[in-house]
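Examining the three-dimensional arrangement
The residues making up each chain are set out below.
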Amino acid sequence: MKLNVIEMGEGSPVLLLHGLFGAGRNWGGIQKRLAQRHRVLAPDLRNHGDSPHTAAMGYADMAADICELIRDRGLSAPAVLGHSMGGKVAMALALRHPEMVGRLVVADIAPVKYPPSLRGYIAGMRAIPLREGLTRREADAALEAAVPEAGIRAFLLQSLDFSADPPAWKLGLAELAAAMPGIEDFDIEGRYDGPVLVLAGAQSGYIRRENHALFRRLFPRAEFAEVERAGHWLHADNPNGFLTAIGPFLA
């Protein structure tokens, strides 16, 4: 699948893979700062952003998309950094196609099954009546019952295109709803012997100490670090701390 990609900078290549409900543009300032030293590509994963929608949403499928991107852009063993769902895509890529990955950064996700805590977000987004003249404020109010946190609502509504009338979701919500059991899980086996940095938000519970043994089985060279003053969205909560953690590893 041909993914939409934001590219900037020159130097050794780095791929940035966003999380569920996100898009390549979410890397914004992180991508700009990395682009001072690297050629940085931030794709929209399938069913997100301006990339195509499709029923297939397994991690093997999404890893194959990134393989295609690496080949099409002529990249040689890029560093691959993935956050949340994008971190699982990055792990699947490294495990299934280790020759394609020069080094790996996994940001605040483990190769384990997570509870179905985000399905209500999809139901809430699908329930918004997409009528002509719908405003962002009205959409926000319609989403509030399903998503009480204002910051998360603002993040989700970035994928509702208000330039269309009626507004339209860039997310493939029906496809994502059907795929959630697989997205929550992780069933990819293999082994990646390259360098790996597993980076957790200090205030996040997504990576637990008991996950470290599984990381080391799949990724024998895994190193673990935390970003202080950061939760699950560690690159947004503390961008300077995030860049300080990954800079030497990418270099």
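This part covers the packing of helix H2 (residues 59–72) against helix H3 (residues 85–96). Where H2 contacts H3, the two axes come as close as 8 Å, and the packing angle between them is 75 degrees. Compared by their axis directions, H2 and H3 come out roughly perpendicular. Packed against H2, whose contacting residues are Tyr59, Ala60, Met62, Ala63, Ile66, Cys67 and Ile70, the element H3 presents Met85, Lys88, Val89, Ala92, Leu93 and Arg96 at the interface. Grouping the amino acids of the contact of H2 with H3 by side-chain chemistry returns 11 nonpolar, no polar and two charged.

For Leu243, the position within the fold is in helix H10 (residues 239–250). Residue classification places Leu243 among the buried residues on the basis of a relative accessible area of 12%. Those residues within four positions of Leu243 in sequence are excluded, and the remaining contacts are Ile30, Arg33 and Leu34.

This part takes up the pairing of strand E2 (residues 12–17). Among the six residues in E2, five count as buried, and that is most of the element. Bridging between E2 and strand E3 (residues 38–43) involves four bridges; their strand directions are parallel. Its bridge partner being in E3, Leu15 is matched across the sheet by Leu41. At this point the chain moves from E2, through helix H1 (residues 28–34), to the parallel E3, and the crossover so formed is right-handed. In terms of strand pairing, E2 meets strand E4 (residues 79–83) through four bridges, oriented parallel.

Attention now goes to the nonpolar core. With 64 residues, the main nonpolar core has Phe21, Leu104, Met125 and Phe219 as its most contacted residues. Looking at which element gives the most residues to this core, the answer is H3, with eight residues. Setting aside residues up to four positions removed in sequence, Phe21 forms contacts with His48, Leu118, Tyr121, Ile122, Met125, Phe155, Leu156, Ser159, Leu171 and Leu176. Core analysis: the next-biggest nonpolar cluster, separate from the first, contains 22 residues, Trp27, Ala35, Leu81 and Leu234 among them.

A word on the packing of helix H5 (residues 136–143) against helix H6 (residues 150–157). Interaxial distance between H5 and H6 falls to 10 Å at its minimum, and their mutual angle equals 125 degrees. Relative to H6, the element H5 is oriented oblique. H5 and H6 meet at a crossing whose hand is right-handed. Along its contact with H5, which presents Arg136, Ala139, Asp140 and Leu143, the element H6 presents Arg153, Leu156 and Leu157. For the contact of H5 with H6, the class distribution of residues is four nonpolar, no polar and three charged.

Further remarks concern the pattern of salt bridges. In total, this model carries 11 salt bridges according to the counting rule given. A salt bridge links Asp65 to Arg46; its shortest N-O distance comes to 2.7 Å. With Asp65 in helix H2 and Arg46 in the loop between E3 and H2, this pair connects stretches of sequence that are 19 residues apart. Taken as a pair, Asp65 and Arg46 share a single burial class, namely buried. Between Arg217 and Glu189 there is a salt bridge; the shortest N-O distance is 3.3 Å. Highlighted residues: Arg217 in helix H8 (residues 212–218) and Glu189 in the loop between helix H7 (173–184) and strand E8 (196–201), separated in sequence by 28 residues. Here the salt bridges do not stand alone but share partners, grouping Lys2, Glu68 and Asp72 into one network.

Definitions and cut-offs
- Residues numbered from 1 in each chain as written.
- Predicted model: local features only at pLDDT ≥ 70, side-chain atom pairs only at ≥ 80, totals over all residues.
- Heavy atoms only, no water.
- Axes fitted to C-alpha atoms, helices over the stretch in contact; angles between N-to-C directions.
- Helix = DSSP H or I, 4+ residues; strand = E, 2+ residues; numbered from the N terminus.
- Parallel < 35°, antiparallel > 145°, perpendicular 65-115°, else oblique.
- Contact = heavy atoms within 4.5 Å.
- Nonpolar A, V, L, I, M, F, W, Y, C, P; charged D, E, K, R; others polar.
- Buried < 20%, exposed > 50% of the residue type's maximum accessible area, 1.4 Å probe, protein only.
- Pairing = 2+ DSSP bridges.
- Right-handed = clockwise from strand over helix to strand, strands pointing away.
- Core = buried A, V, L, I, M, F, W, Y, C linked by side-chain atoms within 4.5 Å.
- Left-handed = near helix turned anticlockwise from the far one by under 90°.
- Salt bridge = Lys/Arg side-chain N within 4 Å of Asp/Glu carboxyl O.

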